[in-house]
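Chain residues, written in single-letter form:
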Amino acid sequence: NFFEVFATVALAFILSKIGAVGERSAQRATWFSILLYLGSGIIGTFHHLYFTGTPLFITALGATFSALEIVPLTLLGFEVYENLKLARSGGNAHPWRWPLYFFVAVSFWNAVGAGVLGFLINPPIVLYYAQGLNTTPIHSHGALFGVYGFLAIALMLFSMRNIVRLEAWSDRLLEVAFWGLNGGLAGMIVLSLLPAGIYQLAEGIQHGLWYARSPAVTGSAFIHAATWARLVPDVVFLGGAVALLAFVVRAIAKDVALRRAGRREEAATLRRAA
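Structure report, in brief. Note that the structure is a prediction, hence the values are computed from the model and not measured.

About the thresholds
Per chain, residues are indexed from 1 in the order of the written sequence. Under the rules for a predicted model, residues below a pLDDT of 70 receive no local features and side-chain atom pairs below 80 are neither given nor counted, while totals for whole chains, interfaces and linings still include all residues. Water and hydrogen atoms play no part in the side-chain values, which are based on all heavy atoms of the structure. Salt bridge criterion: a side-chain nitrogen from Lys or Arg within 4 Å of a carboxyl oxygen from Asp or Glu. Segments assigned H or I by DSSP are reported as helices when at least four residues long, segments assigned E as strands when at least two residues long, and all are numbered from the N terminus. With a 1.4 Å probe rolled over the protein chains alone, any residue whose accessible area is under 20% of its type maximum counts as buried; one over 50% counts as exposed, and the rest are partly exposed. The rule is short: rings of Phe, Tyr and Trp, with Trp giving its six-membered ring, pair when the centres are within 6.5 Å, and they are stacked under 30 degrees, edge-to-face over 60, tilted in between. Each residue after the first adds 1.5 Å to the expected span of a helix. Working definition for bend: take the seven residues up to and ending at a residue and the seven starting at it, fit an axis to each, and measure the angle between the axes.

### A short note on the pattern of salt bridges
Then step 1. The full count for this structure, using the stated rule, is three salt bridges.
Then step 2. Between arginine 172 and glutamate 175 there is a salt bridge whose closest N-O contact spans 3.3 Å. One end of the pair, arginine 172, and the other, glutamate 175, are both in helix H8 (residues 171-207), three residues apart, so they sit about a helical turn from each other.
Then step 3. Owing to a relative accessible area of 58%, arginine 172 belongs among the exposed residues under this scheme.
Then step 4. Of the charged contacts in the structure, one is a salt bridge between arginine 230 and aspartate 234, with a shortest N-O distance of 3.3 Å.

Here it is in structure tokens:
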């Protein structure tokens, strides 16, 4: 609950300060997040209590409130995306373009990874057949890196945008990093985890959860093929990570070089004046 509130409040504060969202929208998202998480966040965890003898309406409440948790960040991301479209239509290069795109990725994966894919495994009837299957890492990949991984990157880029000089900034490397990380993560889910999860879910419905988690299924040819199918998106994801690392190293090194050159030029000017 703390991390969800932090993510929403941090994004709302930063985005409102740079004019990407209106202050009223940021305030609404902040209050909505605080009331939702701190007021009903515990209820949202009740979908984890399926096998503890909890009454059915308790897990149903948990699934419902858990699904609502995606709303504040998603609304912020939608407004950021609309503002970016307006900036592009005006023909002006937005100075915060790629940091904002990573903020939009946070909101997108919050809606898809935490929301849609989370609700895929949260309802009680699904938990009966799918608890602990490959449907769970579908959600965890999309929610953990999709939200908190991209949030960390976005906050880092926002900080660097205020520190390094414009000449040290590389939109090209950030573009490769953005699409590589997002495309790789989406590929992991669509090409590997989702087919494996659906296959296990079908086996669980037909034969029971015990069979879906047995070596007969987890060691089957289909699961092995789905695992190997991750090779391509993993390479794409790695390429995005390398591009991001290259951007950071290049930006810092070039900024240091520019600052040193500036100091040398200033010293030379002082000597000539003396």
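### Comments concerning the packing of aromatic side chains
Then step 1. Summed over the entire model, instances satisfying the criterion amount to 12 aromatic pairs.
Then step 2. On the numbers, 5.0 Å between centres and 45° between planes, the contact of tryptophan 98 with tyrosine 101 is tilted. In this pair, tryptophan 98 and tyrosine 101 both sit in helix H5 (residues 97-119), three residues apart, roughly one turn of the helix. Neither tryptophan 98 nor tyrosine 101 differs from the other in exposure class; each is buried.
Then step 3. Three or more aromatic residues joined by ring pairs form one cluster here, namely Trp98, Tyr101, Phe102, Phe145, Phe150, Phe178, Trp179 and Phe237.

### Some remarks on H5
Then step 1. Its 23 residues give H5 an end-to-end C-alpha distance of 31 Å, which sits within 8% of 33 Å, the value for a rise of 1.5 Å per residue.
Then step 2. Along its length, H5 shows its largest kink, about 30°, at tryptophan 109.
Then step 3. Burial of H5 is extensive: 18 of the 23 residues sit out of reach of the surface.

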